[in-house]
Amino acid sequence: MTSPSVVPVPAPPPNDELELLLRLGDDRLVLGHRLSEWCGHAPILEEDIALANVALDLLGQATLFLRRAGEVEGKGRDEDALAYFREAVEFRNCLLVEQPNGDFGFTIARQFLFDVHAVVTLDALSRSTSAEIAALAAKSLKEAKYHVRHSGEWMLMLGDGTDESHRRVQRALDELWRFTPELFVADGVAARLAVQGIAPDLPALHAKWETIVRDVVGRATLTLPHESMHSPHLRGGRSGMHSEHLGHMLAELQIVARSHPGAKW
Amino acid sequence: MSQARTQPQDDPAKVAAFEARIAAGESIEPKDWMPERYRRQLIRMMSQHAHSEIVGMLPEGNWITRAPSLRRKISLIAKVQDEAGHGLYIYCGTETLGVDRAELVQQLLDGTAKYSSIFNYPTLSWADMGVIGWFVDGAAIVNQTVLAKASYGPYARAMIRICKEENFHKRQGYEIVAVLANGTPAQKAMIQDAVNRWWWPSLMMFGPSDADSPNTAELIRWKVKRRTNDELRQRFVNLTVPQAAAVNLTLPDPELRYDADTENWHFGPIDWDEFNQVIRGNGPCNRERLEARRRAHDEGAWVREAASAYAAKQRAKQASEAA
């Protein structure tokens, strides 16, 4: 057996803007999908409607971000090609959003942590030096402000409701806390985008996020988990290192489209 | 509210005046006097309608996570969300008759209230999302267009609003059907199969034949219903046959033929044994549907309790601040 001669191929120039758009689009696609799993099964009819509303907004945002990602990539892939024909390792969403729904308290805690992140991030992105990203962010920001109002109110109701609801939502917060540092890690992509003014300096946003989270968590009579509950080794969704949950979710999301390649729907 | 229930015998003079109002085409409003049976019939019909919207979320919800494109996924979520909205709206309308939503929901969960038999059939392929919009929403429109002229004001107004959205759902469903019917051979087979499975259950949606419909005569006299089950079923068949032909799909009825004398499409006999079995709880998915509703209700109990406890704390806080 002869070892193949390895010709060093130069890495393609990193398309940072594409990466950013995939991160934004995939977060929303995955979380929108998760929320849509509640449809018909929520604790009250009003929440069937409210969770569906948030899911619809997120999937609408995902459509726009992924469509733009396809344009920036320039390989003729549209939003559906990106949503339905990529493998789990090619997804760029954070680990937080792919976690299974759990009970209503878990879904709300996951949503709240994400919604605050969405508001601070989209607010900064609405001042991006990239006009397209600024426009998409500004549009999404309006919706995100409604979302955080909804999830924030439920954090208060569950945290300061009954002993059981308090215990459940506290446990959810403790469980999810380890996924939050990833939201603000400045890897190479994020650092370069920040220098160009296309995206904000993520570590700087972390403090802003934590101030809002701390305020609501406090008013909800909940306890902010300690930093020791962070898991530094989990910072991988942005580079494709997902939890095992994503593959199962995508298997369901993609099954019909992949069973009929080339078909129109 | 409970006054009417303790007076099962209605004053004949009042009943006569009430029927005169109906005959004159007046709309009955919540505070108007009405015979107890009228109230009960309306509660029965309206709550069945609301329950149908809620249970109806399940068969379509079954395909939300597998919808084959983002656009289809978004429209399907929006459609199921509309159904939740319709359910909520009709429950509120039913509350104007002096019964509360929690009581009605409990009847659904107990299995004592009925809902449309169609939702006890399984959704087995993506094509079912097209056919449900086309047939099931199409049948609902035929029913509801007539109910929009019902004598009870809140129900009639709810139907007008709901019908607009159902029309949109039907168009959306038929568009899915048309795309599949013009698609790959596998897609064509998928849509024909869905049509075959949903056609007869859709005809059953209009309820028993007039000969076996115990409530119809009185409901028509009181203008709660304006057309009989068989009349509405025939109208649906007449509307749907040309739509099937337009997309080259076959309806699974060898007896289907146009009758020039009556200007109706004649259709073959409906399997009423199947209908009765489904109504009695022995349809393919009756148990699963009710189980899903009960699970959502039971698992959501702690959330509803938390919301009430929180609201009570807030009220107490405001009261002590005001004091």
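Residues numbered from 1 in each chain as written. Chains lettered and ligands numbered in written order. Predicted model: local features only at pLDDT ≥ 70, side-chain atom pairs only at ≥ 80, totals over all residues. Heavy atoms only, no water.

Colleague: I would appreciate a short explanation of the overall build of chain B in the present structure.
Modeller: Broken down by element type, chain B carries 13 helices and 2 strands. By the compact-globule yardstick of 20 Å for 323 residues, chain B fits well, its C-alpha radius of gyration being 22 Å. Principal axes of the C-alpha set define a box for chain B whose edges measure 75 × 50 × 35 Å. A buried classification covers 52% of the 323 residues belonging to chain B. (Helix = DSSP H or I, 4+ residues; strand = E, 2+ residues; numbered from the N terminus. Rg over C-alpha atoms; globule rule 2.2 N^0.38 Å. Buried < 20%, exposed > 50% of the residue type's maximum accessible area, 1.4 Å probe, protein only.)

Colleague: Would you mind going over the overall build of chain A with me for this structure?
Modeller: Along chain A, the regular secondary structure elements total 10 helices and 0 strands. In sequence order, the secondary structure elements of chain A are arranged as α-α-α-α-α-α-α-α-α-α. Here the C-alpha atoms of chain A give a radius of gyration of 19 Å, agreeing with the 18 Å that 2.2 N^0.38 yields for 265 residues. Seen along its three principal axes, the alpha-carbon backbone of chain A occupies a region of about 65 × 45 × 40 Å. The buried share of chain A, reckoned over its 265 residues, is 57%.

Colleague: Got a minute to help me understand the side chain of Thr63 of chain A in this structure?
Modeller: Here Thr63 of chain A shows up in helix H2 (residues 45-73). Side-chain polar atoms of Thr63 of chain A contact the backbone oxygen of Leu59 of chain A, separated by 2.8 Å. Ignoring anything within four residues of it in the chain, the contact list for Thr63 of chain A reads Glu79 of chain A together with Leu70 and Ile74 of chain B. (Polar contact = N/O pair within 3.5 Å; in protein donor to acceptor, adjacent residues only side chain to side chain. Contact = heavy atoms within 4.5 Å.)

Colleague: Just checking my understanding: could you explain the packing of helix H8 (residues 185-204) of chain B against helix H10 (residues 229-246) of chain B for this structure?
Modeller: The description of two helices packed together rests on the angle between their axes and the distance between the axes. Residues and elements named next belong to chain B. With their axes 9 Å apart at the nearest point, H8 and H10 run at an angle of 145° to one another. Side by side, H8 and H10 meet where Trp199, Ser202, Leu203 and Met204 of the first sit next to Arg233, Phe236, Val237 and Thr240 of the second. Class assignment of the residues belonging to the contact of H8 with H10 gives a composition of 5 nonpolar, 2 polar and 1 charged. (Axes fitted to C-alpha atoms, helices over the stretch in contact; angles between N-to-C directions. Nonpolar A, V, L, I, M, F, W, Y, C, P; charged D, E, K, R; others polar.)

Colleague: Before we go on, may I ask you to explain the interface of chain B and chain A in this structure?
Modeller: How big an interface is tends to be expressed through the accessible area that disappears when the partners come together. Facing 44 residues of chain B, the contacting portion of chain A comprises 46 residues. Counting across the interface, chain B meets chain A through 2 salt bridges. Among the salt bridges present, the one from Glu46 of chain A reaches Arg101 of chain B, with a minimum N-O distance of 2.8 Å. At the junction of chain B and chain A, the tally comes to 14 residue pairs in polar contact (both at pLDDT 80 or more). Contributions of two or more residues to the side of chain B that touches chain A are made by helix H3 (57-61), helix H4 (70-95), helix H7 (153-181), H8, helix H12 (286-299) and helix H13 (301-322) of chain B. A total of 13 residues in the side of chain B that touches chain A trace back to one element, the largest contributor, which is H4 of chain B. Of the residues in the side of chain B that touches chain A, the class split is 28 nonpolar, 8 polar and 8 charged. (Salt bridge = Lys/Arg side-chain N within 4 Å of Asp/Glu carboxyl O.)

Colleague: Even after reading the chapter, I still don't get the packing of aromatic side chains, so can you show me in this structure?
Modeller: In this description, an aromatic ring pair is defined by two values, namely the gap between the centres and the angle between the planes. Residues and elements named next belong to chain B. The final tally for this structure, using the stated rule, is 17 aromatic pairs over all chains. Note on Trp199 and Phe236: the rings are 5.9 Å apart at their centroids and 25° apart in plane angle, and the pair reads as stacked. Separated by 37 residues along the polypeptide, Trp199 in helix H8 and Phe236 in helix H10 bring together distant segments of the chain. Each member of the pair, Trp199 as well as Phe236, carries the same accessibility label: buried. Members of the aromatic cluster, joined through ring pairs, are Trp134, Phe135, Tyr174, Trp199, Phe206 and Phe236. Above the plane of the ring of Trp63 lies Arg66, whose end atom (NZ or CZ) is 3.6 Å from the centre. The ring of Tyr89 has Arg161 sitting right over it, with the charged end atom 4.1 Å from the ring centre. (Phe/Tyr/Trp six-rings, centres within 6.5 Å; stacked < 30°, edge-to-face > 60°. Lys NZ or Arg CZ within 6 Å of the ring centre and 35° of its normal.)

Colleague: Help me understand the nonpolar core, please; the structure alone is not making it clear to me.
Modeller: Within soluble globular proteins, side chains that are nonpolar generally end up buried alongside one another. Judged by nonpolar contacts, the single largest core of 174 residues is most densely connected at Tyr38 and Trp126 of chain B. By residue number, the principal contributor to this core is helix H5 (residues 104-125) of chain A, which donates 14 residues. Ignoring any residue separated from it by four or fewer positions in sequence, one finds Trp126 of chain B in contact with Val256 and Trp265 of chain A together with Trp63, Ala67, Pro68, Arg72, Leu76, Ile176, Leu180 and Met190 of chain B. (Core = buried A, V, L, I, M, F, W, Y, C linked by side-chain atoms within 4.5 Å.)

Colleague: Sorry, what's going on with a positive patch on the surface here?
Modeller: All names here are of chain B. On the surface, Lys149, Arg226, Arg227 and Arg235 cluster together into a positively charged patch. Residue position: Arg235 is located in helix H10. Judged by its relative accessible area of 35%, Arg235 falls in the partly exposed class. (Patch = residues over 30% accessible without salt bridge, like charges linked within 9 Å, V, L, I, M, F, W, Y side chains within 5 Å. Areas by Shrake-Rupley, 256 points an atom, 1.4 Å probe, with all protein chains shown as cover. Lys, Arg positive; Asp, Glu negative; His and termini not counted. Charge placed at Lys NZ, Arg CZ, Asp CG, Glu CD.)

Colleague: Sorry if this is basic, but what is going on with helix H1 (residues 16-36) of chain A here?
Modeller: The end-to-end C-alpha separation of H1 of chain A is 30 Å, in line with the 30 Å expected for 21 residues at 1.5 Å each. Counting buried positions along H1 of chain A gives 21 out of 21 residues, so the element sits mostly inside the fold. (Expected span 1.5 Å × (residues − 1).)

Colleague: How should I be thinking about the packing of helix H2 (residues 36-55) of chain B against H7 of chain B in this particular structure?
Modeller: All names here are of chain B. Taken N-terminus to C-terminus, the directions of H2 and H7 make an angle of 25°; their axes are 13 Å apart at the nearest point. Accordingly, the angle class assigned to the pair H2 and H7 is roughly parallel. The way H2 lies across H7 gives a crossing that is left-handed. In this structure, H2 contributes Leu42, Met45, Met46, His49 and Glu53 to the contact, and H7 contributes Tyr155, Met159, Ile162 and Glu166. Its residues assigned to classes, the contact of H2 with H7 shows 6 nonpolar, 1 polar and 2 charged. (Parallel < 35°, antiparallel > 145°, perpendicular 65-115°, else oblique. Left-handed = near helix turned anticlockwise from the far one by under 90°.)

Colleague: Which parts of the structure should I look at to understand helix H8 (residues 188-196) of chain A?
Modeller: One turn of an α-helix holds 3.6 residues; hence residues three or four places apart share an orientation. All names here are of chain A. Those residues of H8 that sit buried are Val189, Ala190 and Leu193. Taken end-on, H8 shows its buried residues confined to a sector of 90°, consistent with a single buried face. Packing partners of the buried residues in H8 comprise H1 and helix H9 (202-219). Residue Gly197 follows H8 closely and has a positive phi angle near 80°. (Arc of directions from axis to C-beta.)

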